[in-house]
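# Structure assessment
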Amino acid sequence: QVQLVESGGGLVQPGGSRRLSCAASGFTFSSYGMSWHRQAPGKERELVAAITSVGDSTRYADSVKGRFTISRVNAKNTVYLQMNSLKPEDTAVYYCYAYFRQYDYWGQGTQVTVSS
């Protein structure tokens, strides 16, 4: 069955870094665009970063440009989100999302808390 399993979340100090991973299985990963989304308490889920199926194009929310980097390794069925210069406002549950035509899947999310 389809699975998207995020990992790498946790507590990090302001200014610190964290790398999230999302391991995919049960579908043809290399055909799917991938993205990371986040949802803070009391707020709507928002797009953080996205990458094409072959990794040749990326896009970012304005709030994370220059600090976050999305990447993927199709041979490992994994997408990453490198987060640098973290701020308290980056605190949220981060979700991995896969999309291709009419098909889409969500991961279960991983909590990232930025606090001193």
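Up top is the structure these notes are about.
In this report, we go over the structure that sits alongside the text.

What follows deals with the sheet that holds strand β3 (residues 18-25). Taking strand neighbours across the sheet as the criterion, the 4 strands line up as β1-β3-β8-β7 in an open arrangement whose pairing is antiparallel. Whereas interior strands pair on both sides, the edge strands pair on one side only; in this sheet they are β1 (3-7) and β7 (68-73). Geometrically, the sheet is characterised by an average inter-axis angle of 15° between neighbouring strands, direction not taken into account. The pairing of β1 with β3 spans 5 bridges and is antiparallel. Along β3, the bridge assignment pairs Val5 with Ala23.

Moving on, we come to the pattern of salt bridges. Scanning all chains against the criterion turns up 4 salt bridges. A salt bridge links Glu46 to Arg38; the nearest nitrogen and oxygen atoms lie 2.7 Å apart. Accessibility expressed as a relative area gives 34% for Glu46, which makes it partly exposed. Between Arg38 and Asp90 there is a salt bridge, with its nearest N and O atoms 2.9 Å apart.

Inspection of every chain in the model, using the stated rule, returns 1 disulfide. Across the disulfide, Cys22 is cross-linked to Cys96 (sulfur-sulfur distance 2.1 Å). Negative torsions about the S-S bond denote left-handed disulfides, and the value of about -80° found for Cys22 with Cys96 makes this one left-handed. A residue pair is termed long-range when its members are at least 10 positions apart, and Cys22 in strand β3 and Cys96 in strand β9 (residues 92-100) qualify at 74 residues.

Among the 6 residues of strand β8 (residues 78-83), 5 are classified as buried, and the element is accordingly described as predominantly covered. Taken together, the 6 bridges between β3 and β8 define a ladder with antiparallel strand orientation. By the bridge assignment for β8, Arg19 is matched with Gln82. Sheet topology places β7 next to β8; 6 bridges connect them, and they run antiparallel.

All chains considered together, the criterion is met by 8 aromatic pairs. Ring geometry for Tyr32 against Phe100: centres 5.3 Å apart, planes inclined by 50°, an arrangement best described as tilted. Placement of Tyr32 in the loop between β3 and β4 (33-39) and of Phe100 in strand β9 is noted, with a sequence separation of 68 residues between them. Owing to a relative accessible area of 6%, Tyr32 belongs among the buried residues under this scheme. Take Phe100: its relative accessible area is 26%, and that puts it in the partly exposed class. Of the aromatic side chains, those joined through ring pairs into one cluster are Phe27, Phe29, Tyr32, Phe100 and Tyr105. Over the aromatic face of Trp106 sits the side chain of Arg45, whose NZ or CZ is 4.5 Å from the ring centroid.

One recurring pattern in soluble globular proteins is that nonpolar side chains are buried together. The biggest cluster of nonpolar side chains holds 28 residues, and the ones touching the most others in it are Met34, Trp36, Val79, Leu81 and Tyr94. Where this core is concerned, the elements lending two or more residues are β3, β4, β5 (46-51), β7, β8, β9 and β11 (110-114). It is β9 that contributes the most residues to this core, 4 residues altogether.

Criteria and thresholds
- Residues numbered from 1 in each chain as written.
- Predicted model: local features only at pLDDT ≥ 70, side-chain atom pairs only at ≥ 80, totals over all residues.
- Heavy atoms only, no water.
- Pairing = 2+ DSSP bridges.
- Helix = DSSP H or I, 4+ residues; strand = E, 2+ residues; numbered from the N terminus.
- Axes fitted to C-alpha atoms, helices over the stretch in contact; angles between N-to-C directions.
- Salt bridge = Lys/Arg side-chain N within 4 Å of Asp/Glu carboxyl O.
- Buried < 20%, exposed > 50% of the residue type's maximum accessible area, 1.4 Å probe, protein only.
- Disulfide = S-S within 2.5 Å.
- Phe/Tyr/Trp six-rings, centres within 6.5 Å; stacked < 30°, edge-to-face > 60°.
- Lys NZ or Arg CZ within 6 Å of the ring centre and 35° of its normal.
- Core = buried A, V, L, I, M, F, W, Y, C linked by side-chain atoms within 4.5 Å.

Limitation: the analysis is restricted to geometry and does not speak to function.
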